[in-house]
Amino acid sequence: MNLTINGETRAVDDLPDLAALVASLGLDARKVAVERNLEIVPRSAYSATPIADGDRIEIVHFIGGG
Amino acid sequence: MDGTQNQADDTWTVAGRTFTSRLIIGTGKYKDYALNAAAAEAAGAEMVTVALRRVNLSDPSQPMLADYVKPERFTYLPNTAGCFTGEEAVRTLRLAREAGGWDLVKLEVLSDPRTLYPDMEETLRALKLLVAEGFQVMVYCTDDIVFARKLADAGAAAVMPLAAPIGSGLGILNPVNIRLIVEEAKVPVVVDAGLGTASDAVIAMELGCDAVLMNTAIALARDPVRMARAMKHAVLAGRDAYLAGRMPKKPMGDPSSPTSGLI
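The rules behind the values
- Residues numbered from 1 in each chain as written.
- Chains lettered and ligands numbered in written order.
- Predicted model: local features only at pLDDT ≥ 70, side-chain atom pairs only at ≥ 80, totals over all residues.
- Heavy atoms only, no water.
- Helix = DSSP H or I, 4+ residues; strand = E, 2+ residues; numbered from the N terminus.
- Expected span 1.5 Å × (residues − 1).
- Buried < 20%, exposed > 50% of the residue type's maximum accessible area, 1.4 Å probe, protein only.
- Polar contact = N/O pair within 3.5 Å; in protein donor to acceptor, adjacent residues only side chain to side chain.
- Axes fitted to C-alpha atoms, helices over the stretch in contact; angles between N-to-C directions.
- Parallel < 35°, antiparallel > 145°, perpendicular 65-115°, else oblique.
- Left-handed = near helix turned anticlockwise from the far one by under 90°.
- Contact = heavy atoms within 4.5 Å.
- Nonpolar A, V, L, I, M, F, W, Y, C, P; charged D, E, K, R; others polar.
- Pairing = 2+ DSSP bridges.
- 1 Å grid on protein atoms, 1.4 Å probe; cavity = no way out; pocket = protein on both sides within 12 Å on 5 of 7 lines; lining within 4 Å.
- Points joined across faces, edges and corners; volume = space filled by probe spheres on them.
- Salt bridge = Lys/Arg side-chain N within 4 Å of Asp/Glu carboxyl O.
- Phe/Tyr/Trp six-rings, centres within 6.5 Å; stacked < 30°, edge-to-face > 60°.
- Buried area = accessible area lost by both parts, 1.4 Å probe.

Focus: the environment of Thr4 of chain A
Stage number 1. Within the element layout of this structure, Thr4 of chain A appears in strand β1 (residues 2-5).
Stage number 2. C-alpha of Thr4 of chain A to C-alpha of Asp53 of chain A: the two residues are 49 residues apart in sequence and 9.2 Å apart in space.

Topic: helix α4 (residues 120-132) of chain B
Residue pairs spaced three or four apart in an α-helix point in one direction, given the helix's 3.6 residues per turn.
Residue and element names in this part refer to chain B.
Stage number 1. For α4, spanning 13 residues, the distance from its first C-alpha to its last is 18 Å, which sits close to the expected 18 Å at 1.5 Å a residue.
Stage number 2. For α4, every residue scored as buried is listed here: Met120, Glu122, Thr123, Leu124, Ala126, Leu127 and Leu130.
Stage number 3. Two to three positions downstream of the cap, the backbone nitrogen of Glu121 sits 3.2 Å from a side-chain oxygen, assigning the N-cap of α4 to Asp119.

Brief notes about the packing of helix α1 (residues 33-43) of chain B against helix α9 (residues 224-244) of chain B
All names here are of chain B.
Stage number 1. The contact between α1 and α9 brings their axes to 7 Å, and the two run at 25°. With respect to each other, α1 and α9 are oriented roughly parallel. By crossing handedness, the relation of α1 to α9 is classed as right-handed. For the pair α1 and α9, the contacting residues are Leu35, Ala38, Ala39, Ala42 and Ala43 in the first and Pro224, Val225, Ala228, Arg229 and Lys232 in the second.
Stage number 2. Along the lines of polarity and charge, the residues of the contact of α1 with α9 split into eight nonpolar, no polar and two charged.

Regarding the sheet that holds strand β7 (residues 136-141) of chain B
All names here are of chain B.
Stage number 1. Across the sheet, which stays open at both edges, the three strands sit in the order β6-β7-β8 with parallel pairing between neighbours. Here the strands that pair on one side only, and so sit at the sheet edges, are β6 (104-107) and β8 (158-161). Across the sheet, the mean angle separating the axes of adjacent strands is 20° when strand polarity is ignored.
Stage number 2. Summarising the sheet, β7 and β8 pair through four bridges and their orientation is parallel. Across the sheet, Met138 pairs through a bridge with Ala158, a residue of β8.

Here we look at empty space enclosed by the protein
With a probe scaled to a water molecule rolled over the atoms, the places where space remains empty come into view.
Stage number 1. The tally for this structure, following the rule as stated, stands at one cavity of 30 Å³ or more.
Stage number 2. Lining the largest cavity, in full, are Leu27 and His61 of chain A together with Val55, Asn56, Asp59, Pro60, Gln62 and Met64 of chain B.
Stage number 3. For the lining of the largest cavity, a count of residues per class yields four nonpolar, three polar and one charged.

Some details on the pattern of salt bridges
Side chains that differ in charge, positive against negative, can pair when their charged atoms come close.
Residues and elements named next belong to chain B.
Stage number 1. Evaluation of the coordinates by the stated rule reveals 20 salt bridges over all chains.
Stage number 2. Taking the shortest distance from any N to any O, the salt bridge between Arg73 and Glu41 comes out at 2.9 Å. Placement of the pair is Arg73 in the loop between α2 (65-68) and β5 (75-78) and Glu41 in helix α1, with a sequence separation of 32 residues.
Stage number 3. For Arg73, a relative accessible area of 39% puts it in the partly exposed group.
Stage number 4. Residue classification places Glu41 among the partly exposed positions, given a relative accessible area of 42%.
Stage number 5. The partner of Glu122 in a salt bridge is Arg125, and the shortest N-O contact between them spans 2.6 Å.

Brief notes about the packing of aromatic side chains
The description of an aromatic ring pair uses the distance of the two centres, along with the angle that the planes make with each other.
Stage number 1. Evaluated as defined, the whole model comprises five aromatic pairs over all chains.
Stage number 2. Relative to Phe19 of chain B, the ring of Trp12 of chain B lies with its centre 5.8 Å away and its plane at 40°, an arrangement referred to as tilted. As far as burial versus exposure is concerned, Trp12 of chain B and Phe19 of chain B are alike and both buried.
Stage number 3. Three or more aromatic residues joined by ring pairs make a cluster, and in this case those are Phe62 of chain A together with Tyr76 and Trp102 of chain B.

Examining the interface of chain B and chain A
Frequently, the measure chosen for interface size is the accessible area that the parts lose on association.
Stage number 1. The interface is formed by 30 residues belonging to chain B together with 27 residues belonging to chain A.
Stage number 2. Carbon and sulfur atoms make up 62% of the area that chain B and chain A hide from each other, which totals about 2500 Å².
Stage number 3. It is Arg54, Leu57 and Glu98 of chain B in chain B that bury the most area against chain A; as a group they hold 27% of the surface buried on that side.
Stage number 4. One can count three salt bridges joining chain B with chain A.
Stage number 5. Between Asp67 of chain B and Lys31 of chain A there is a salt bridge whose closest N-O contact spans 2.8 Å.
Stage number 6. On inspection of chain B and its partner chain A, the count reaches 15 residue pairs in polar contact (both at pLDDT 80 or more).
Stage number 7. Looking at the side of chain B that touches chain A, the elements that each hand over two or more residues are β4 (47-54), α2, β5 and α3 (86-100) of chain B.
Stage number 8. Sorting elements by how many residues they give to the side of chain B that touches chain A places α3 of chain B first, with seven residues.
Stage number 9. Within the side of chain B that touches chain A, the residues separate by chemical class into 15 nonpolar, seven polar and eight charged.
Stage number 10. Here five bridges tie strand β5 (residues 56-64) of chain A to β4 of chain B, and the two strands are oriented antiparallel to one another.

Listed below in structure tokens is the structure:
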């Protein structure tokens, strides 16, 4: 299926849920926050959140800033 | 407080959290996160500002801020740098709250990319949106006395007037306004942005500010760790001078040695 992740369209294998997506991207779920179709998904709900073709996903983290 | 009291007892409190250090530092513009962490330690900082950005999906193994400037050691103050509307700021800080689990945030809504001056009308509107969502908001603002009062009335946890434009290092351009904001403030006042060197931090603290926030002055010093240490001492010196109460200025000389008993 195709997802838009951080503004880029990516073809990904079918994945059961958001937890699987975050893991497949090599990210540590404890260090990121995720928005699915403009709605924040609490970290505790990643495994209960299905992903579907066309979803727009934003994955952010803290970086240096003033 | 009297001079015999330990400096460690001189704390300040924002949004129910009490801090000993009155120096908040940014985490931008450092050569790398290791240097950033060393500067934060040398500054004696307990709070650091951080930005929220998209993760780099092409290289998820690149260094992460949290591995160096550890959130267990420093209170993260997520900012809204790069946001130009209240809605953008709210979206960013909702994500920050999820990423870090904190509700203490720094609001900055800029207007002009050249001067980086805050848009105060939009800042006040954004503050009200954030307060309604339960955020504790430290607000970057101009040194406008009336707006500082409006922000406090709207529920700001602290007001953070600029000394000079962000990253300019010009020092406190309008000490009269900063003093007036301090005198009137019902919430902590933190001078944020525009400080360039240690004497600027001393002046901010002598004016009675509760704390100072700086990034570029340390990050772009030739030796950031040494400058961080200088800033720590400057903030302590300025705070002590404020509490000690300076001598009155006089137009003439006034001898320090007795004028009687001369041979």
